[in-house]
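Chain residues, written in single-letter form:
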Amino acid sequence: TDSTLKRALRRLDQRPYALRDRVMLLLSVRAGLRAGEIAGLDWSMVTGPDGRVGRLLSVDDCIAKKGGGRRIPMHPELRSALCRYGATVPRRGPVLSSARTGRHLRANSVVNWFIALYAEIGASGCSSHSGRRTFITHAARHAHRAGASLRDVQMLAGHRSIEVTQG
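Residues numbered from 1 in each chain as written. Predicted model: local features only at pLDDT ≥ 70, side-chain atom pairs only at ≥ 80, totals over all residues. Heavy atoms only, no water.

**Looking at the pairing of strand β1 (residues 56-59)**
Put simply, side chains in a regular strand alternate between the two faces of the sheet. Residues of β1 alternate between two faces, with L57 and V59 buried on one and L56 and S58 left unburied on the opposite face. As defined by bridge partners, β1 adjoins strand β2 (residues 70-73) across four bridges and the pair is classed as antiparallel. In the sheet register, L56 faces β2, and the bridge partner there is P73. (Buried < 20%, exposed > 50% of the residue type's maximum accessible area, 1.4 Å probe, protein only. Helix = DSSP H or I, 4+ residues; strand = E, 2+ residues; numbered from the N terminus. Pairing = 2+ DSSP bridges.)

Next comes the structure, spelled out in structure tokens:
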């Protein structure tokens with residue numbers, strides 16, 4: 001819910017890696033990325049040739065489930081968070097790197113991060129996939145406003161089957 005998202009964002013603002021953590025949450029809720037896609041995201045997938053954060057997020061086949069890469073319009077809130085975070089870190093390599101190794105996070109680390117965050121704010125039943133479900137549901141409910149169809153939502157979600165998107 002909107003209130004759960006607001007509680008999560010307020011909690012993240014209190015953390016040592018607040019900018020990074022905000023980006024991680026927004027990649028789930030505002031771009032609908034899976035944990036493995038969040039972990040594998042590279043700066044080259046969110047920046048243009050000029051090195052600035054672009055208006056499209058490119059999920060390359062190499063990080064997408066079953067090689068189902070796609071391009072997702074960047075939500076303004078996510079773009080703003082990426083710009084602020086990008087001003088504090090080198091814009092090459094992983095967007096979200098491990099504080100310990102400096103390399104890409106592991107998908108399981110992202111899953112555990114979401115579990116811990118939702119437990120901290122008392123959001124029972126939430127997981128790393130909750131933000132993705134929220135993104136897809138929101139896109140499906142509002143697609144008609146942009147002249148889009150459920151097939152367009154399917155493409156944004158990276159689903160191979162329209163039945164999965166309908167579910």
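**Quick notes on the layout of surface pockets**
Think of a ball as big as a water molecule: rolled over the atoms, this probe shows where empty space is left. The calculated volume of the largest pocket comes to roughly 740 Å³. Lining the largest pocket are 30 residues, and of these V29, T134, F135, H138 and A139 lie nearest its centre. Put simply, the parts of the chain that give the lining of the largest pocket at least two residues each are α1 (2-12), α2 (18-29), β2, α6 (130-142) and α7 (150-157). In terms of residues, the lining of the largest pocket owes the most to one element, α6, which gives nine residues. Grouping the constituent residues of the lining of the largest pocket by class yields 17 nonpolar, nine polar and four charged. Taken as a whole, the second largest pocket holds about 250 Å³ of empty space. In terms of lining, the second largest pocket is formed by 17 residues, of which the most central are R20, Y85, V89, V95 and S97. Among the elements that line the lining of the second largest pocket, the one with the most residues is α2, at three residues. (1 Å grid on protein atoms, 1.4 Å probe; cavity = no way out; pocket = protein on both sides within 12 Å on 5 of 7 lines; lining within 4 Å. Points joined across faces, edges and corners; volume = space filled by probe spheres on them. Nonpolar A, V, L, I, M, F, W, Y, C, P; charged D, E, K, R; others polar.)

**Focus: α6**
Here α6 is 13 residues long and its end C-alpha atoms lie 18 Å apart, about the 18 Å a rise of 1.5 Å per residue gives. Listed in full, the buried residues belonging to α6 are S130, G131, R132, F135, I136 and A139. (Expected span 1.5 Å × (residues − 1).)

**What about the nonpolar core?**
Counting 46 residues, the largest nonpolar core has L25 and L57 as its most contacted members. Elements with a minimum of two residues in this core: α1, α2, α3 (35-40), β1, α4 (76-86), α5 (107-120), α6 and α7. Residue contacts for L57: discarding those within four places in its chain leaves L27, A31, L33, L41, M45, V46, R70, R71, I72, M74 and L78. (Core = buried A, V, L, I, M, F, W, Y, C linked by side-chain atoms within 4.5 Å. Contact = heavy atoms within 4.5 Å.)

**Description of the pattern of salt bridges**
This structure, assessed with the given rule, holds nine salt bridges. R22 is paired through a salt bridge with D13; the nearest N and O atoms lie 3.0 Å apart. Residue R22 is classed as buried on the basis of its relative accessible area, which comes to 14%. Residue D13 is classed as partly exposed on the basis of its relative accessible area, which comes to 47%. A salt bridge links D21 to R20, with the shortest nitrogen-to-oxygen separation between them at 3.1 Å. Neither D21 nor R20 differs from the other in exposure class; each is buried. (Salt bridge = Lys/Arg side-chain N within 4 Å of Asp/Glu carboxyl O.)

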